[in-house]
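Results of the structural survey
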Amino acid sequence: MSQSNIAPQIKLIALDMDGTLLNSRGEIPDENRKAIREAKEKGIEVILSTGRSRLTAGDHSDSLELNSYLITVNGSEIFGPDGESISRTPVDSKIMEWMWNLSQSHKTNFWATSCERVWTNEMPENIHDHEWLKFGFDISDDEIRELIHKELQTKGDLEITNSSLTNIEVNALGINKAKGIQKVTELLGISMENVMAMGDSLNDIAMIEESGWGVAMGNAQGIVKETANAITGTNDEAGVAQAIRKWAL
């Protein structure tokens with residue numbers, strides 16, 4: 001992350017979706033759409049870098065006419081401008097089964113992202129017949145969340161983040177949005193120094209830290225704000241549009 005207070009020249013904007021691009025109703029504010037269009041007209045690449053799978057991110061990407069790269073499942077999958085698969089990093093099915101058992105023993109809500117769908121509070125009959133990308137726990141009880149977090153850390157070899165204060169997201173070790181963006185910048189011939197990344201949760205920290213200009217949303221978790229170069233408005237104030245106009249245009 002750049003230590004300067006002056007934003008570098010922005011050539012690529014990487015946007016988280018939930019809590020960032022989308023407002024609390026799960027919609028893209030018109031102001032965000034306009035600012036993204038203005039950035040594209042200026043020749044700036046705009047990509048989504050999300051914890052969501054392609055199935056639930058693709059429609060938003062299409063509606064913004066982003067015909068560029070798409071980083072999904074926290075960097076587990078990267079798709080090219082024509083929808084082609086650039087890379088995929090799965091989580092071992094034995095580890096998925098272990099996490100599922102962990103959620104069962106603590107009676108938590110969970111979701112699991114396989115290559116073909118997202119499973120919510122249910123798993124397929126044979127877990128090992130599927131290719132998996134992420135496991136997520138949704139836990140309102142702070143003590144149980146802390147307990148599960150410790151068990152995951154003890155297990156090791158896992159990338160542990162969150163996308164809200166009540167959940168835990170688990171990817172393969174070394175997989176995060178920053179790595180995904182790095183891959184995209186290499187393909188585009190752009191330096192990470194010329195990237196502006198925006199987000200609100202722990203799964204956004206790596207990309208906010210490693211981009212030339214990291215922006216935290218006004219509604220971001222405290223540690224995300226501490227990491228960022230700058231803070232913009234909330235997701236309900238079209239903070240993405242504010243940031244694009246202030247630092248990229």
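Only a predicted model underlies this, so the values are computations on that prediction, with no experimental measurement involved.

Within the largest apolar cluster, 37 residues are counted, with the highest numbers of intra-cluster contacts made by Ile13, Leu15, Leu21, Ile36, Met196, Met198 and Ile244. Mapped onto this core, the elements with two or more residues apiece are β1 (12–15), α1 (17–21), α2 (30–41), β2 (45–49), β11 (195–199), α7 (205–210), β12 (213–216) and α9 (239–248). The element best represented in this core is α9, accounting for 6 residues. When residues no more than four places from it in sequence are discounted, the contact partners of Ile13 are Ala39, Ile44, Glu45, Val46, Ile47, Met196, Met198, Ile244 and Ala248. Ranked by size, the runner-up nonpolar core spans 20 residues in total, among them Trp119, Ile139, Ile148 and Ala172.

Attention now moves to the side chain of Asn203. For Asn203, the position within the fold is in the loop between β11 and α7. For Asn203, a relative accessible area of 6% puts it in the buried group. Of the polar contacts made by the side chain of Asn203, one reaches the side chain of Asn74; its length is 2.9 Å. Leave out the neighbours within four places in its chain, and Asn203 touches Gly51, Asn74, Thr161, Asn162, Ser163, Glu169 and Lys177.

Here we come to the packing of α2 against α9. Across the interface, α2 lies against α9 with an axial gap of 7 Å and an inter-helix angle of 30°. Compared by their axis directions, α2 and α9 come out roughly parallel. Crossing geometry of α2 relative to α9 is assigned as left-handed. Listed contacts from α9 to Glu31, Asn32, Lys34, Ala35, Ile36, Glu38 and Ala39 of α2 are Gly239, Val240, Ala241, Ile244 and Arg245.

Another point: unusual backbone geometry. Despite not being glycine, Glu65 has its phi angle at roughly 55°, a positive value. One can find Glu65 in the loop between α3 (54–63) and β3 (70–72). Relative accessible area serves as the criterion here: at 55%, Glu65 is assigned to the exposed category. Located in the positive-phi region is Ala238, a residue other than glycine, with phi close to 55°. Within the secondary structure, Ala238 is located in the loop between β13 (230–231) and α9.

Let's shift gears to the layout of surface pockets. Remark: the empty space left among the atoms is shown by a probe the size of a water molecule rolled over them. Put simply, the largest pocket is a space of about 270 Å³. Asp18, Gly51, Arg52, Trp111 and Lys134 are the residues nearest the centre of the largest pocket, which is lined by 18 residues in total. In this structure, the second largest pocket encloses a volume near 200 Å³. Lining the second largest pocket are 14 residues, and of these Arg54, Ser61, Asp62, Leu70 and Gly83 sit closest to its centre. The dominant element in the lining of the second largest pocket, judged by the number of residues it contributes, is α3, at 4 residues. Taken together, the residues of the lining of the second largest pocket break down into 5 nonpolar, 6 polar and 3 charged.

Turning next to helix α5 (residues 142–155). Given a rise of 1.5 Å per residue, 14 residues ought to cover 20 Å, and the 20 Å separating the end C-alpha atoms of α5 matches this to within 8%. Those residues of α5 lying buried are Arg145, Ile148 and Leu152. Taken end-on, α5 shows its buried residues confined to a sector of 70°, consistent with a single buried face. Across α5 from its buried face, at more than 90 degrees, point the exposed residues Asp142, Glu143 and Thr154. Where α5 begins, one side-chain oxygen reaches toward the backbone nitrogen of Glu143, 2.9 Å away; that side chain belongs to Asp141.

Thresholds applied
Residues numbered from 1 in each chain as written. Predicted model: local features only at pLDDT ≥ 70, side-chain atom pairs only at ≥ 80, totals over all residues. Heavy atoms only, no water. Core = buried A, V, L, I, M, F, W, Y, C linked by side-chain atoms within 4.5 Å. Buried < 20%, exposed > 50% of the residue type's maximum accessible area, 1.4 Å probe, protein only. Helix = DSSP H or I, 4+ residues; strand = E, 2+ residues; numbered from the N terminus. Contact = heavy atoms within 4.5 Å. Polar contact = N/O pair within 3.5 Å; in protein donor to acceptor, adjacent residues only side chain to side chain. Axes fitted to C-alpha atoms, helices over the stretch in contact; angles between N-to-C directions. Parallel < 35°, antiparallel > 145°, perpendicular 65-115°, else oblique. Left-handed = near helix turned anticlockwise from the far one by under 90°. 1 Å grid on protein atoms, 1.4 Å probe; cavity = no way out; pocket = protein on both sides within 12 Å on 5 of 7 lines; lining within 4 Å. Points joined across faces, edges and corners; volume = space filled by probe spheres on them. Nonpolar A, V, L, I, M, F, W, Y, C, P; charged D, E, K, R; others polar. Expected span 1.5 Å × (residues − 1). Arc of directions from axis to C-beta.

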